[in-house]
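The chain contents come next:
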Amino acid sequence: MARIINRLSNTLRMLEHYIFGGPGFPKGALALAYVDTPASYAPTGNSPQFSLRDLIGDGLLWAVPKHRRTVEKRHKRKYGSPDYKLKIFVPKTHLRSCATCGSDHEVGILCPTCYKKIRTETELMQDKIQHELGLDPVDKEVVVLYDREKDEQPDEFWQGKRIVEMEKPRPMWFGKNLLQRSTHSAPEPDELKPGHEKLG
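Residues numbered from 1 in each chain as written. Predicted model: local features only at pLDDT ≥ 70, side-chain atom pairs only at ≥ 80, totals over all residues. Heavy atoms only, no water.

A. Representation of unusual backbone geometry in the model. At Arg148, a position not held by glycine, the phi torsion is positive, near 65°. The exposure class of Arg148 is exposed, given its relative accessible area of 68%. (Buried < 20%, exposed > 50% of the residue type's maximum accessible area, 1.4 Å probe, protein only.)

Listed below in structure tokens is the structure:
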């Protein structure tokens, strides 16, 4: 590390010497990548004739850009292009307010606030079902009831069903019909849509 710092300092001294007190800087668009010069170099008043070999030694020369990047290209790289992709913040015009909670959300996307409430309630129901049933096989219909909902129906209605009670009142947004089974029976495998005759 000390050797690299020493070489860089010597390089800077040589550049200052050639720019301000020497015969001149090498022409052409060249960039200095590595310089191997003796550590004991010190510029003198009577400097010798400039030699590119003395300046570079065993180093390398890399080409650098010859033309400056235009303002249009710099702005396009920084801010993007309206024809492709803009990198700046633009106002959104496809936001709507939720009719239930009033939160803003994009059109065609579920309200994140309502979805978070439903997801939290669903996770509580799953934990309750797992705690009540454990690892026993589910051989009966599982019904999730909230506080005082079991008294709304007679005991005969709950026969043959496994009841899981949530020890809290039902949320206002959680309708009872969301947990009811569909009244439509599953179609038979060979049943066809109306208007089509069965091929035989």
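Back to the text.
B. Structural context of the pattern of salt bridges. One pass over the structure, following the stated rule, counts 5 salt bridges. The shortest N-O distance in the salt bridge between Glu123 and Arg119 comes to 3.6 Å. Residue Glu123 and its partner Arg119 are both found in helix 4 (residues 112–133); the two are separated by 4 residues, about one turn of the helix. With relative accessibility at 39%, the residue Glu123 sits in the partly exposed group. (Salt bridge = Lys/Arg side-chain N within 4 Å of Asp/Glu carboxyl O. Helix = DSSP H or I, 4+ residues; strand = E, 2+ residues; numbered from the N terminus.)

C. Structural context of the side chain of His105. As for its position among the elements, His105 is in strand 4 (residues 104–106). Side-chain polar atoms of His105 contact the backbone oxygen of Ile109, separated by 3.1 Å. The residues touching His105, leaving out its near neighbours within four places in the chain, are His94, Leu95, Arg96, Ser97, Cys98, Leu110, Cys111 and Pro112. (Polar contact = N/O pair within 3.5 Å; in protein donor to acceptor, adjacent residues only side chain to side chain. Contact = heavy atoms within 4.5 Å.)

D. Broad picture of a positive patch on the surface. Positive charge collects at one region of the surface, where Arg68, Arg69, Lys73, Arg74, Arg77, Lys85 and Lys87 lie side by side. Its place among the elements puts Arg77 in helix 3 (residues 71–79). (Patch = residues over 30% accessible without salt bridge, like charges linked within 9 Å, V, L, I, M, F, W, Y side chains within 5 Å. Areas by Shrake-Rupley, 256 points an atom, 1.4 Å probe, with all protein chains shown as cover. Lys, Arg positive; Asp, Glu negative; His and termini not counted. Charge placed at Lys NZ, Arg CZ, Asp CG, Glu CD.)

E. Highlighting helix 4. Taking 1.5 Å of rise per residue, the 22 residues of helix 4 would be expected to cover 32 Å, and the 31 Å separating its terminal C-alpha atoms lies within 8% of that figure. All of the buried residues in helix 4 are Cys114, Glu121, Met125, Lys128 and Leu133. End-on, the buried residues of helix 4 take up no more than an arc of 110°, which puts them together on one face. Exposed residues lying more than 90 degrees from the buried face of helix 4 are Lys116, Gln130 and His131. Looking at the packing, one finds that the buried side of helix 4 touches strand 5 (141–145) and strand 6 (161–165). Phi turns positive one or two residues past the end of helix 4, at Gly134, with a value near 65°. (Expected span 1.5 Å × (residues − 1). Arc of directions from axis to C-beta.)

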